[in-house]
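Coordinate analysis (summary)
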Amino acid sequence: MKQSFPPVGEGAPAKPLSADFAVMLVGVAARQAASPTAVLAHEDVPVPPKEGLLAPQHGAFNQAVADDLKRWKETSTGRPDE
């Protein structure tokens, strides 16, 4: 069973997309642009992040583990046996 992607490059022939596929892509792009996330991203008013259990101000789920990982990365030589 061949499970590879078709070749992309100079030797691969270009295939035109069907009109149905193009209409579907336009619809997807329009729905994404109208999503609350996209609308919020384009507003000029900055939204301050909310502090909460799953969204701490420091950005790490577990600050102590994040500090340990950062310290390990800074002192590690990159060998897998450390």
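Use the structure listed above.
The following refers to the structure shown.

1. Notes on a nonpolar patch on the surface
Where nonpolar side chains cluster on the molecular surface, the patch consists of Leu 17, Phe 21, Met 24, Leu 25 and Val 28 and spans about 440 Å² of accessible area. Along the polypeptide, Val 28 turns up in helix α1 (residues 19-33). Taking the relative accessible area as the measure of exposure, Val 28 reaches 30% and is therefore partly exposed.

2. A closer look at helix α3 (residues 63-75)
Over its 13 residues, α3 runs 18 Å from end to end, which matches the ideal 18 Å to within 8%, given 1.5 Å per residue. N-capping of α3 is provided by Asn 62, with a side-chain oxygen placed 3.2 Å from the backbone N of Ala 64.

3. Section: the pattern of salt bridges
One pass over the structure, following the stated rule, counts one salt bridge. The salt bridge involving Arg 71 is made with Asp 68; its shortest N-O contact spans 2.5 Å. Here Arg 71 pairs with Asp 68, and both are found in helix α3, just three residues apart, close to one helical turn. Judged by relative accessible area, Arg 71 falls into the partly exposed class, the value being 47%. Assessed through its relative accessible area of 44%, Asp 68 is described here as partly exposed.

About the thresholds
- Residues numbered from 1 in each chain as written.
- Predicted model: local features only at pLDDT ≥ 70, side-chain atom pairs only at ≥ 80, totals over all residues.
- Heavy atoms only, no water.
- Patch = residues over 30% accessible without salt bridge, like charges linked within 9 Å, V, L, I, M, F, W, Y side chains within 5 Å.
- Areas by Shrake-Rupley, 256 points an atom, 1.4 Å probe, with all protein chains shown as cover.
- Salt bridge = Lys/Arg side-chain N within 4 Å of Asp/Glu carboxyl O.
- Helix = DSSP H or I, 4+ residues; strand = E, 2+ residues; numbered from the N terminus.
- Buried < 20%, exposed > 50% of the residue type's maximum accessible area, 1.4 Å probe, protein only.
- Expected span 1.5 Å × (residues − 1).
- Polar contact = N/O pair within 3.5 Å; in protein donor to acceptor, adjacent residues only side chain to side chain.

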